[in-house]
Amino acid sequence: MPGRRVRRSADFLEQAQELFPKGGSAEGRPSFELFEDGPLRGAEMAFSLNFEAQRESVEGVGGIRYVMTIPTSSSDRG
């Protein structure tokens, strides 16, 4: 991925895997793999290519930005 280097913190990965367990869950929660391949990849690409163009999370604090992603499901994957 060209541009800015995007890193995932250990705390982020721990929280993401709680929300999206590896392989999904019996209750139907999406898998970490689906999250990683979809919304997370999109966010990382947006931050990498043009961090400064993303929305500020806190007005006037340019070092904290976020990206909105759209919901996806496993049926959306080609």
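Structure: above.
**Q** Please provide a residue-by-residue account of the environment of Ser48, values included.
**A** Among the secondary structure elements, Ser48 is positioned in helix α2 (residues 32–50). Taking C-alpha positions, Ser48 is 4.4 Å from Arg4, a pair spaced 44 residues apart along the chain.

**Q** Can you explain the environment of Glu36? Please cite residues and give values.
**A** Locating Glu36 in the fold gives a position in helix α2. Through-space distance from the C-alpha of Glu36 to that of Phe20 is 9.3 Å; in sequence the pair is 16 residues apart. If we ignore the near neighbours within four places in the chain, the residues touching Glu36 are Arg8 and Arg41.

**Q** Now, about the side chain of Arg65: what can you tell me, with residues and values included?
**A** Following the sequence through the fold, Arg65 ends up in strand β2 (residues 61–66). Within the local environment of Arg65, its side chain forms a polar contact with the backbone oxygen of Glu52, the two atoms lying 2.8 Å apart. Only 2.8 Å separates the side chain of Arg65 from the backbone oxygen of Gln54, close enough to count as a polar contact.

**Q** Kindly report on the packing of helix α1 (residues 10–19) against α2, identifying the contributing residues and their values.
**A** In the contact formed by α1 and α2, the axes pass within 9 Å of each other and the chain directions differ by 115°. When you trace α1 past α2, the crossing you get is right-handed. Taken together, the residues of α2 that come into contact with α1 (itself represented by Phe12, Leu13, Ala16 and Gln17) are Phe32, Phe35 and Leu40. Of the residues belonging to the contact of α1 with α2, the class tally is 6 nonpolar, 1 polar and no charged.

**Q** So, a nonpolar patch on the surface: which residues are in play, and what are the values?
**A** On the surface, Val58, Val61 and Ile64 cluster together into a nonpolar patch covering about 210 Å² of accessible area. In this structure, Val58 sits in strand β1 (residues 55–58). Of the residues examined, Val58 reaches a relative accessible area of 41% and is grouped as partly exposed.

Cut-offs and rules
Residues numbered from 1 in each chain as written. Predicted model: local features only at pLDDT ≥ 70, side-chain atom pairs only at ≥ 80, totals over all residues. Heavy atoms only, no water. Helix = DSSP H or I, 4+ residues; strand = E, 2+ residues; numbered from the N terminus. Contact = heavy atoms within 4.5 Å. Polar contact = N/O pair within 3.5 Å; in protein donor to acceptor, adjacent residues only side chain to side chain. Axes fitted to C-alpha atoms, helices over the stretch in contact; angles between N-to-C directions. Left-handed = near helix turned anticlockwise from the far one by under 90°. Nonpolar A, V, L, I, M, F, W, Y, C, P; charged D, E, K, R; others polar. Patch = residues over 30% accessible without salt bridge, like charges linked within 9 Å, V, L, I, M, F, W, Y side chains within 5 Å. Areas by Shrake-Rupley, 256 points an atom, 1.4 Å probe, with all protein chains shown as cover. Salt bridge = Lys/Arg side-chain N within 4 Å of Asp/Glu carboxyl O. Buried < 20%, exposed > 50% of the residue type's maximum accessible area, 1.4 Å probe, protein only.

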